[in-house]
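Given next are the chains, with one letter for each unit.
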Amino acid sequence: SNFPDNFTMQHSPLKIGHRGASGYCPENTMASYYKAIELGADFLEVDIHLSKDGILVVHHDSTLDRTTNGKGNLRDYTVAELKELDAGSWFHARFKDERVPLLSEILENFRSEVGILIEIKHPSLYPGIEKKLAEELSKREDYTSDKKRILVHSFDMESMKRFHQLMPDIPVGVLIKRRISDQKLKEIAEFASFLNPKQTILSTKLQMRIQEQGMKVFTWTVNNKKQIHMLKKMKLDGIISDFPDYFID
Ligand code: G3P
Ligand code: CA
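Residues numbered from 1 in each chain as written. Chains lettered and ligands numbered in written order. Predicted model: local features only at pLDDT ≥ 70, side-chain atom pairs only at ≥ 80, totals over all residues.

### Here we look at the nonpolar core
With 66 residues, the main nonpolar core has Leu-44, Val-46, Ile-116, Ile-118 and Leu-195 as its most contacted residues. Here this core takes 5 residues from strand β2 (residues 43-50), the largest share from any one element. For Ile-118, the residues in contact, after removing those within four places along its chain, are Val-46, Ile-48, Leu-133, Ile-150 and Val-152. (Core = buried A, V, L, I, M, F, W, Y, C linked by C-beta atoms within 7 Å. Buried ≥ 20, exposed ≤ 12 C-beta atoms within 10 Å, placed from the backbone. Helix = DSSP H or I, 4+ residues; strand = E, 2+ residues; numbered from the N terminus. Contact = placed C-beta atoms within 7 Å.)

### Side note on the packing of helix α5 (residues 129-138) against helix α7 (residues 157-166)
Where α5 contacts α7, the axes come no closer than 9 Å and their chain directions differ by 35°. Here the hand of the crossing between α5 and α7 comes out right-handed. For the pair α5 and α7, the contacting residues are Glu-130, Lys-131, Leu-133 and Ala-134 in the first and Ser-159, Arg-162, Phe-163 and Leu-166 in the second. Among the residues forming the contact of α5 with α7, the class breakdown is 4 nonpolar, 1 polar and 3 charged. (Axes fitted to C-alpha atoms, helices over the stretch in contact; angles between N-to-C directions. Left-handed = near helix turned anticlockwise from the far one by under 90°. Nonpolar A, V, L, I, M, F, W, Y, C, P; charged D, E, K, R; others polar.)

### A look at the pairing of strand β5 (residues 150-154)
Within β5, 5 of the 5 residues are buried, which leaves the element mostly enclosed by the surrounding structure. With burial as the criterion, each face of β5 is covered, one bearing Ile-150, Val-152 and Ser-154 and the other bearing Leu-151 and His-153. One ladder, built from 4 bridges, connects strand β4 (residues 115-120) with β5; its direction is parallel. Of the residues in β5, the one forming a bridge with Ile-118 is Val-152. In this fold, β5 hands off to α7, which returns the chain to strand β6 (residues 172-176); that crossover is right-handed. (Pairing = 2+ DSSP bridges. Right-handed = clockwise from strand over helix to strand, strands pointing away.)

### Comments concerning the environment of Thr-78
Here Thr-78 shows up in the loop between β3 (56-58) and α3 (79-82). C-alpha separation for the pair Thr-78 and Lys-52, spaced 26 residues apart in sequence, amounts to 4.8 Å. Excluding its chain neighbours within four sequence positions, the residues that come into contact with Thr-78 are Ser-51, Lys-52 and Asp-53.

### Some details on the environment of Ile-210
Looking at the secondary structure, you find Ile-210 in helix α9 (residues 204-212). Judged by C-beta crowding, with 25 C-beta atoms within 10 Å, Ile-210 ranks as buried.

Shown next as structure tokens:
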């Protein structure tokens, strides 16, 4: 595992703002990320896709309908077209000026302040997205000094394997929703530094099985203070929540 040990130990668990502070602000917007930092998150979780013109953009769904006033597939829109959309009003009228952020904007604004956990969404829709991400991360000047603060994960294990080959210094993780065999865990541990099971399938036993393979253990999405407290006691390495203020005891 290339996960920096002293880094997780200092923070333990890493407090990760899910799509920012999406309990308080429209998910995956600048407002949501500023809020997550204000509330003390160690990491911002950022979902990424590719626009029609091949730019990495931050959004959760592969379609625009739920969280913007656009319609249809995000990948059919250029960045110029996406930037005209209102990505905040669906949550509350006061967020009407929020726009779909680019990954580059997130990196430029927040990279020096907080860690960024990037999720590649539906990589099978976007052939080459791993390379785009590697290029985007590599061109930052602070990459060598601050590289520990970027993590990448996905539900798609093959995508994470590809990304790991391109940027072996950046820790990658695999998200899972269902029970997993030891054989599969072993396969994942060959390239991944952390596993990120959905909270509903997490148990002490699963935690141990993951740790036995040398991987860190994260979980998502925990929006209940008591559960966060319990998970802290279990010494999880990272917890993802819509409410980063719930981490404070
Ligand atoms: O960080 C884990 C979580 O974000 C994965 O699910 O749908 O919220 O992206 P989703
Ligand atoms: Ca996500």
